[in-house]
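Okay, here's what each chain looks like letter by letter:
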Amino acid sequence: MYIDKIHLLKTGVSLEISTIALRDLVSDVMAGQRIPELAKIGNTIDLYDYLSVVVHKGAEGLISRRHAWIDEIKSELLAGRPVSYRSFDNLFWRSLDEEDPDGDEWYRLTSGEEFRSQMICLLGILRSANRRLHQHADVLPDLNIGWA
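What counts, and where the lines are drawn
Residues numbered from 1 in each chain as written. Predicted model: local features only at pLDDT ≥ 70, side-chain atom pairs only at ≥ 80, totals over all residues. Heavy atoms only, no water. Phe/Tyr/Trp six-rings, centres within 6.5 Å; stacked < 30°, edge-to-face > 60°. Helix = DSSP H or I, 4+ residues; strand = E, 2+ residues; numbered from the N terminus. Buried < 20%, exposed > 50% of the residue type's maximum accessible area, 1.4 Å probe, protein only. Arc of directions from axis to C-beta. Contact = heavy atoms within 4.5 Å. Pairing = 2+ DSSP bridges.

(A) Broad picture of the packing of aromatic side chains. This model, assessed by the stated rule, comprises six aromatic pairs. With a centroid separation of 4.6 Å and an interplanar angle of 35°, the aromatic rings of Tyr48 and Tyr85 are classed as tilted. Of this pair, Tyr48 sits in the loop between helix H3 (44-47) and strand E3 (52-57) while Tyr85 sits in helix H6 (residues 85-89), and the two are 37 residues apart along the sequence. By relative accessible area, Tyr85 is classed as buried at 2%. By way of ring pairs, the aromatic residues Tyr48, Tyr85, Phe88, Phe92, Trp106 and Phe115 are connected into one cluster.

Shown next as structure tokens:
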């Protein structure tokens, strides 16, 4: 799977777009909790709140290249802890004419057809689960969607 897979950028940064928070939501829904939260997920952009990014290697170089925007998440990146997808994505704000190899690769990674396709697939699974929850309020759906 494209998500939950380690990607190596040409700059030496090794990162993973993780669905751990989404998996936690699914587990909670299966336990009968956070069901209204599941219902609020209506499009792929809403999924971004349930994605995180883990930098496995190259955090120091990334920090030095992104120093102007990294203060809020610097310690998490250095410790290899997950940071929110939105916070990580905000690191790559720039002027159009600015040279930015990290940003170029990040945008290719997250704007490609494969990434969009997986986000749409995840959204479809969650929508289906939400419909099943409302059809049979006394039976929680089996949301085993192939995550380890």
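That was the structure; now back to the text.
(B) Geometry of helix H1 (residues 20-30). Along H1, the residues that are buried comprise Leu22, Leu25, Val26 and Val29. Seen from one end, H1 has its buried residues packed into an arc of 100°, which puts them on one side. Check the buried side of H1 and you find it contacts helix H2 (35-39), H3 and helix H8 (113-135). Positive backbone phi, approximately 85°, marks Gly32, located one or two places after H1.

(C) Representation of the pairing of strand E2 (residues 14-18) within the structure. Counting buried positions along E2 gives five out of five residues, so the element sits mostly inside the fold. Burial of E2 is two-sided: the residues Ser14, Glu16 and Ser18 facing one way and the residues Leu15 and Ile17 facing the other way are all buried. Summarising the sheet, strand E1 (residues 6-8) and E2 pair through three bridges and their orientation is antiparallel. Looking at the pairing, Ile6 lines up with Glu16 of E2. Adjacent in sequence and paired antiparallel, E1 and E2 are bridged by five residues, among which Gly12 carries a positive phi angle near 95°. Inspection of the sheet shows E2 paired to E3 by five bridges, in the antiparallel sense. Residue pairing for E3: Ser18 is matched across the bridge by Ser52.

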